[in-house]
Amino acid sequence: MDSLLNGQACDQLPLQDRGLLYGDGCFSTLAVYQGHPLAWRAHWERLIHCADRLAIPPPSYEALLAEVRQLAADQPRAVLKIILTRGSGGRGYQIPPQISPSRLVLRHPWPDYPAAYVEQGIALTVCQSRLARNPSLTGIKHLNRLEQILGRREWGPPYAEGLMLDTQDNVISGTFTNVFFARQGKLFTPALHQCGIAGVMRAILVKTAILLGIPVESDEFSLDDLCTADEILVCNSLIGLWPVRLLHLPASFQSKSFSVGPIACALRQSMPAQRAIVPYSA
Ligand SMILES: Cc1ncc(COP(=O)(O)O)c(C=O)c1O
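Residues numbered from 1 in each chain as written. Predicted model: local features only at pLDDT ≥ 70, side-chain atom pairs only at ≥ 80, totals over all residues. Heavy atoms only, no water.

Help me understand the pairing of strand E11 (residues 186-190), please; the structure alone is not making it clear to me.
Successive residues of a regular strand alternate their side chains across the two faces of the sheet. Burial runs high along E11: four of the five residues are buried. As paired elements, strand E10 (residues 178-183) and E11 share three bridges and run antiparallel to each other. Across the sheet, residue arginine 183 finds its bridge partner in E11, namely lysine 186. The turn joining E10 and E11, which pair antiparallel and follow one another in sequence, is formed by two residues; a positive phi near 50 degrees is taken by glutamine 184. Note that E11 and strand E12 (residues 216-219) share four bridges and pair parallel. Note on E12: the bridge partner recorded for phenylalanine 188 is glutamate 217. Read from E11 through helix H6 (residues 200-211) to E12, the crossover connection turns out right-handed. (Buried < 20%, exposed > 50% of the residue type's maximum accessible area, 1.4 Å probe, protein only. Helix = DSSP H or I, 4+ residues; strand = E, 2+ residues; numbered from the N terminus. Pairing = 2+ DSSP bridges. Right-handed = clockwise from strand over helix to strand, strands pointing away.)

When you look at the packing of aromatic side chains in this model, what are you seeing that I'm missing?
The geometry of two aromatic rings is summed up by the distance between their centres and the angle between their planes. Evaluation of the coordinates by the stated rule reveals 12 aromatic pairs. Centroid distance phenylalanine 188 to phenylalanine 221: 5.7 Å. Interplanar angle 80 degrees. Geometry classified as edge-to-face. Of this pair, phenylalanine 188 sits in strand E11 while phenylalanine 221 sits in the loop between E12 and helix H7 (223-227), and the two are 33 residues apart along the sequence. One aromatic cluster in this structure is built from Tyr113, Tyr117, Trp155, Phe176 and Trp242. (Phe/Tyr/Trp six-rings, centres within 6.5 Å; stacked < 30°, edge-to-face > 60°.)

What should I look at first to understand the site of the ligand in this one?
Near the ligand you find 14 residues, and of these Arg46, Lys141, Val200, Met201 and Ser237 are the closest. A distance of 3.2 Å is found between an oxygen atom of the ligand and a side-chain nitrogen or oxygen belonging to lysine 141. The fraction of the free accessible surface of the ligand (390 Å²) that becomes covered by protein chains is 92%. A class-by-class count of the residues in the shell around the ligand yields four nonpolar, eight polar and two charged. (Near = heavy atom within 4 Å. Polar contact = N/O pair within 3.5 Å; in protein donor to acceptor, adjacent residues only side chain to side chain. Areas by Shrake-Rupley, 256 points an atom, 1.4 Å probe, with all protein chains shown as cover. Nonpolar A, V, L, I, M, F, W, Y, C, P; charged D, E, K, R; others polar.)

How should the environment of leucine 4 be read in this particular structure?
Tracing the backbone through its elements, the reader meets leucine 4 in strand E1 (residues 3-5). Given a relative accessible area of 2%, leucine 4 falls into the buried group. In this structure the C-alpha to C-alpha distance between leucine 4 and leucine 71, which are 67 residues apart in sequence, comes to 8.6 Å. Those residues in contact with leucine 4 that sit more than four places away from it in its chain are Ala9, Cys10, Glu67, Gln70, Leu71, Arg103, Leu104 and Val105. (Contact = heavy atoms within 4.5 Å.)

Is there a simple way to think about the environment of glutamine 168 in this case?
By secondary structure assignment, the location of glutamine 168 is in the loop between strand E8 (161-166) and strand E9 (171-174). A sequence separation of 19 residues divides glutamine 168 from isoleucine 149, and the C-alpha atoms of the two residues are 20 Å apart.

And the structure:
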């Protein structure tokens, strides 16, 4: 069995679960390498932070870790998705007084992205779908991902990711990644005070850059800022980081090329998580 619900082998969710009815919950997706969940502690901390923001009681650390270890054991490479919902109950939005959260751990096969994405970079296009600005939900990896689903519908090969802007033209993230760009030896990443997901890999990348002495700034940035960058990178817990070799701007029918630069190389070589996710790039 490759899925657990509250610690029991299970492949079904009760029809009244609020995660299904309202997207009332949060999740985290992590990489497994040689039987080990990578960056487990960071995923745990993000999960309980998101649960706290949504006022969902946190799961037991020991129980969840045991379940993660059970599904990770003996897996050379796999993906684990941990989902926490508020549980079953209530026909409307109001939360019933007695409710116990559902804790799911699902295992998926490892996605085999082309090695060239890491070595030579990806082509990135800009999505038309926008992200809504909402300070009360920003940063949270909650179960309502309709914006990313609409964004993801907009691109396919030769692009490996789509860039999403908010409703005020600020660059926020990729459809499934966080975004960085480098200029004159500095690293920049969109601030997430209005929308976006506070990615585990984003935090690892920021820490790694600081350890390497690369200054990191988080602010509001436009597409023009990206176009005038020296390097662009996207990251998440499954891909590590991918440099961008081509930024396609559909509205102006233009594209801008980049090379895999010194900042991407330095970060890639110094990130333990990246080396485990993509061993051949070490
Ligand atoms: C919209 C979005 N932003 C950022 C991320 C990166 O999150 P993490 O680094 O925790 O994998 C993801 C991951 O799926 C995502 O879907």
